[in-house]
Amino acid sequence: MGWTIFYLCLIILIPLSMILVKSASLGWLGFWRAVTAPRALAAYRISLEASFVAALINAVFGLIVAWVLVRYRFPGRRIFDGLVDLPFALPTAVAGIVLTTMYSEHGWIGSRLAALGIKVAYTPLGIVVALTFIGLPFVVRTVQPVLQVIDVEVEEAARSLGAGLWQTFRRVLLPELLPAWLTGITMAFARGLGEYGSVVFIAGNMPMRTEITPLLIMIKLDQFDYAGASAIALAFLLISFVLLLVINGMQRRLGALPALR
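Residues numbered from 1 in each chain as written. Predicted model: local features only at pLDDT ≥ 70, side-chain atom pairs only at ≥ 80, totals over all residues. Heavy atoms only, no water.

## Here we look at helix H10 (residues 165-194)
Right, so step 1: In a regular helix each residue adds 1.5 Å, so 30 residues correspond to 44 Å; H10 covers only 37 Å between its end C-alpha atoms and thus falls short of that length.
Right, so step 2: Residue Leu174 marks the point of greatest curvature in H10, where the axis turns by about 65°; the proline Pro175 follows within four residues. (Helix = DSSP H or I, 4+ residues; strand = E, 2+ residues; numbered from the N terminus. Expected span 1.5 Å × (residues − 1). Bend = angle between axes of the 7 residues up to and from the residue.)

## Examining unusual backbone geometry
Right, so step 1: We note that Tyr122 has phi near 65°; this positive angle belongs to a residue other than glycine.
Right, so step 2: With respect to the helices, strands and loops of the structure, Tyr122 is situated in the loop between helix H7 (110-115) and helix H8 (124-149).
Right, so step 3: The phi dihedral of Met208 falls on the positive side, at around 75°, and the residue is not glycine.
Right, so step 4: Residue classification places Met208 among the partly exposed positions, given a relative accessible area of 42%. (Buried < 20%, exposed > 50% of the residue type's maximum accessible area, 1.4 Å probe, protein only.)

## Remarks on the packing of aromatic side chains
Right, so step 1: Counted under the stated rule, the structure contains seven aromatic pairs.
Right, so step 2: Note on Phe224 and Tyr226: the rings are 6.2 Å apart at their centroids and 85° apart in plane angle, and the pair reads as edge-to-face.
Right, so step 3: What makes Phe224 exposed here is its relative accessible area of 63%.
Right, so step 4: Here the aromatic residues Trp28, Phe31 and Trp32 are joined through ring pairs into a cluster of three or more.
Right, so step 5: Between the NZ or CZ atom of Arg71 and the centre of the ring of Trp67, over which it lies, the distance is 5.1 Å. (Phe/Tyr/Trp six-rings, centres within 6.5 Å; stacked < 30°, edge-to-face > 60°. Lys NZ or Arg CZ within 6 Å of the ring centre and 35° of its normal.)

## Quick notes on the environment of Val98
Right, so step 1: With respect to the helices, strands and loops of the structure, Val98 is situated in helix H6 (residues 92-103).
Right, so step 2: According to the relative accessible area criterion, Val98 is partly exposed, its value standing at 39%.

Here's what the structure looks like:
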């Protein structure tokens, strides 16, 4: 226990406390002005909304990908299974450059979308695409092991008793999948909040429109405004912590619902 607490203090608590100490140098009034500036508020909103939308997308398609990889056998399945981990191994800056190249107006995908009047690169939609890319493995890898231990015969028994596809999923699979599924969604959401490298290229970084909070913090640091950067980081940390606390509370309550057991 002692070594665990010492390690957590050394790696997490002490660095985070330095943010608090640096922010305190502004004073309460200076801190409030820094964290409630219109540019900072816009950055919070963009980061939170994009991370939330990306997490919802990964919630759906991450579950589908995990289901296909576990329940079906097809040529190249192991290759596709390995590709799921690519966002973990790929440097985020490289991912951002690749996504920007693909989704720009002259890119392979972006040019086709532009013909339909849809612009991805240098818009909030581009931020969602980048966060979806880096968040997918969290949902897949948390749901996949649970699906592997669920006996297929249980589903077949439900179907033989007259349950439809949706009823089988809701009454048989969802109670087992829900804790892991929500964990993966939460992890994808948390990763999206702090993501920088894969977003900074495709976002366009326009203040009040596509400027995310981590980028605003970097801009403050480049301007040697260390106290202002620490204040924004602390405010966003508190916002993120509260949201994750609420999500974890919802996860526990949903996991305890009798109807889902």
